[in-house]
Every structure is written in structure tokens, then in C-alpha cells.
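A closer look at the structure
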Amino acid sequence: MNKKTIKIFSSIEKLAIHSADFLIKRINQDLSGKQYSIALSGGSTPKKIYQYLADNYSDKIDWQKIKIFFGDERCVPSNDVDSNYKMAYETLFTKISIIDENIFKINGETPPIEEAARYGKIIKANLPKINDIPQFDVILLGLGGDGHTTSIFPEQIEKFYSPNICEVASHPITGQKRITITGEIINNAKLIVFIVTGEEKSKIISEILVNDNEKKTFPASLVKPKNGELIWMMDSDAAQLLDSQIKETCIIL
Ligand code: 6PG
């Protein structure tokens, strides 16, 4: 049975601290001798969380037991300002004692179709299978103002249903090629955490979290873990258009 929780924070700082503390607690609970897999979100929102993790947990967790993947990547060199890997490298990887072998980068310079196939094989080879589908322990997701998540955009929402673990997507405005994981593996995760901040996301949040059966379907609306847990973590700016009925069900921190 899947479980959905909405947590609203009075500031981005409180959200970053809580998210990092929450993730570390979950990881330590599950880390009984096993490897732990996390798929990182790209974009700018998670930066503060990665920085807080690096500043406060670099020596408080056995990073050697953690395998870090990416939910998506822009098809650019890893030193490109657009690279999700570059952002994670600078905010997190340089400050924690994780071995390179445990960081599974999407190669933004490889021809996209080839890289999508390669990365799908990497995921298959490094994760346990549940329902015959690789299972991440945690997937961190961001939310675009158009309702996209990972790099599945509304214009290509059918990619969410792809039978492939990874697909090649294109940004609807810039045309930038992306590699993205798809819905079947997202919804097979043990824990999915959306992290959303800022007033500019308040409208899409209210469209997705209110009457999600009646409203227009967005890629992010399709994220419904089969057996896992879904947690929406947002700041009060992003939550400002949520109606009182929904807000009554939220945890306010
Ligand atoms: C990406 C992300 C994408 C992102 C949203 C929100 O590669 O861009 O995976 O899904 O999370 O676009 O981005 P911001 O956090 O920058 O608003």
C-alpha cells in the first residue's frame, strides 16, 4: 500500500535541514550491512540540501555503503554549467568520502540513445529487483513549473510509460537532449521525495495536489509509488495556493 505525506516548511533552510536529517535517518535505518541506492534530482532546488548533507553529514554516515545515481541528466559535458552531475559534484561529492565507483554518472557527452541504453543497464546491474524491476531505496525528484519531473515533460508524457528504464527526452523550449529514468522504475522505489520551493511553483503544486484525478495530468501527477512511500516536501511559498482542505492533511514544520 503506498503512502503520501505532504510536509510544508516555513523556510527553505528548514526544508533543507529537515530533508537532509530525514534522509540520513532513513538511510541509517536501512543501512544494515547493505548497499543503499539514491537517485539524485537535478535542477537548482536540491542544491541547499546537498550542501547541508555535505556540511553536516560528511563524517556521520558510511558513504561507502551508498550508491548514488541520477534521475536525469542534460546531454552536456560534465563540466557544463547545465550538468546535474557538476552541481552534485560541487555541492556534495567533493565533501564526502564516497568512492568514485559508487557514483553512477550519466555521460552527457555520449550519443543520447546509446547513453540511455547504457545507463539502463547500469541501473539493472546495480539495484535489487522487486516485481522484476530494479528498485531504488530513495528517488529525489524536483518539479518543473509545467509539471515535468526528472526530464519527462508534458509534451512527451508518454515517455513516463516507456518499458525502458531510461529514455532520451528533449526540453520543449530549448530542445536540449536529456537522459531520464522513466515511470516504471520511479514508481517501484521504496521512497520518493519531491522537493519543491518558491512561489513560482505554487500554481503547479495546487494543480497536482488538489483533485489529482480530475485535473489535467502532468508527468509529476503520474508519480504514485506502487508499494513505496511518497513525500512532498515544500516551502510555504510553494504551498501558498493549496486549499485549506489539503492543508489540513499536511504536516506543517
Ligand atoms: C532537471 C531536473 C528537473 C528539475 C525541475 C525543477 O534536470 O532539471 O531533474 O526535473 O528538478 O526542472 O528544477 P528547479 O529545481 O531548478 O526549479
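Calculation criteria
Residues numbered from 1 in each chain as written. Predicted model: local features only at pLDDT ≥ 70, side-chain atom pairs only at ≥ 80, totals over all residues. Heavy atoms only, no water. Helix = DSSP H or I, 4+ residues; strand = E, 2+ residues; numbered from the N terminus. Rg over C-alpha atoms; globule rule 2.2 N^0.38 Å. Contact = heavy atoms within 4.5 Å. Phe/Tyr/Trp six-rings, centres within 6.5 Å; stacked < 30°, edge-to-face > 60°. Buried < 20%, exposed > 50% of the residue type's maximum accessible area, 1.4 Å probe, protein only. Lys NZ or Arg CZ within 6 Å of the ring centre and 35° of its normal. 1 Å grid on protein atoms, 1.4 Å probe; cavity = no way out; pocket = protein on both sides within 12 Å on 5 of 7 lines; lining within 4 Å. Points joined across faces, edges and corners; volume = space filled by probe spheres on them. Nonpolar A, V, L, I, M, F, W, Y, C, P; charged D, E, K, R; others polar. Pairing = 2+ DSSP bridges.

1. Quick notes on the overall build of the chain
Looking only at helices and strands, the chain features seven helices and 12 strands. Relative to a compact globule of 253 residues, whose C-alpha radius of gyration would be 18 Å, the chain shows 17 Å and is just as compact. Considering only C-alpha atoms, the chain reaches an extent of 45 × 40 × 35 Å along its principal axes. Excluding contacts between residues fewer than 6 apart, the proportion of contacts in the chain whose partners are at least 24 apart in sequence is 78%.

2. With respect to the packing of aromatic side chains
In this structure the tally under the stated criterion is nine aromatic pairs. Both rings, one in tyrosine 52 and one in tyrosine 57, keep their centres 6.4 Å apart while their planes meet at 65°; by these two values the pair is edge-to-face. In this structure tyrosine 52 comes out as partly exposed when scored by relative accessible area, which is 21%. In this structure tyrosine 57 comes out as buried when scored by relative accessible area, which is 14%. Taking 4.5 Å as the distance between ring centres and 5° as the angle between the ring planes, the aromatic pair formed by phenylalanine 69 and phenylalanine 104 counts as stacked. With phenylalanine 69 in strand E3 (residues 66-70) and phenylalanine 104 in the loop between helix H3 (84-91) and helix H4 (112-126), the pair connects residues that are 35 residues apart, well separated along the chain. The ring of phenylalanine 22 has lysine 7 lying over it, and the distance from NZ or CZ to the ring centre is 4.5 Å. Between the NZ or CZ atom of lysine 105 and the centre of the ring of tyrosine 85, over which it lies, the distance is 5.1 Å.

3. Concerning empty space enclosed by the protein
By the definition in use, this model includes one cavity of 30 Å³ or more. Considering only enclosed or pocket space, the largest cavity measures out at about 70 Å³ in volume. Taken together, Leu23, Ile24, Ile27, Ile38, Leu40, Leu53, Trp63, Ile68, Leu92 and Leu140 make up the lining of the largest cavity. Listed by contribution, the elements that provide at least two residues to the lining of the largest cavity are helix H1 (12-30) and strand E2 (36-40). The leading source of residues in the lining of the largest cavity is H1, at three residues. Of the residues that constitute the lining of the largest cavity, the class distribution is 10 nonpolar, no polar and no charged.

4. Considerations on the pairing of strand E7 (residues 138-141)
Alternating residues of E7 divide into Val138 and Leu140 and Ile139 and Leu141, and every residue in both groups is buried. As paired elements, E2 and E7 share two bridges and run parallel to each other. When the bridges of E7 are listed, isoleucine 38 appears paired with valine 138. Of the pairings in the sheet, the one linking E7 to strand E10 (residues 191-196) comprises four bridges and is parallel in character. Opposite valine 138, over in E10, you have leucine 191 as the bridge partner.

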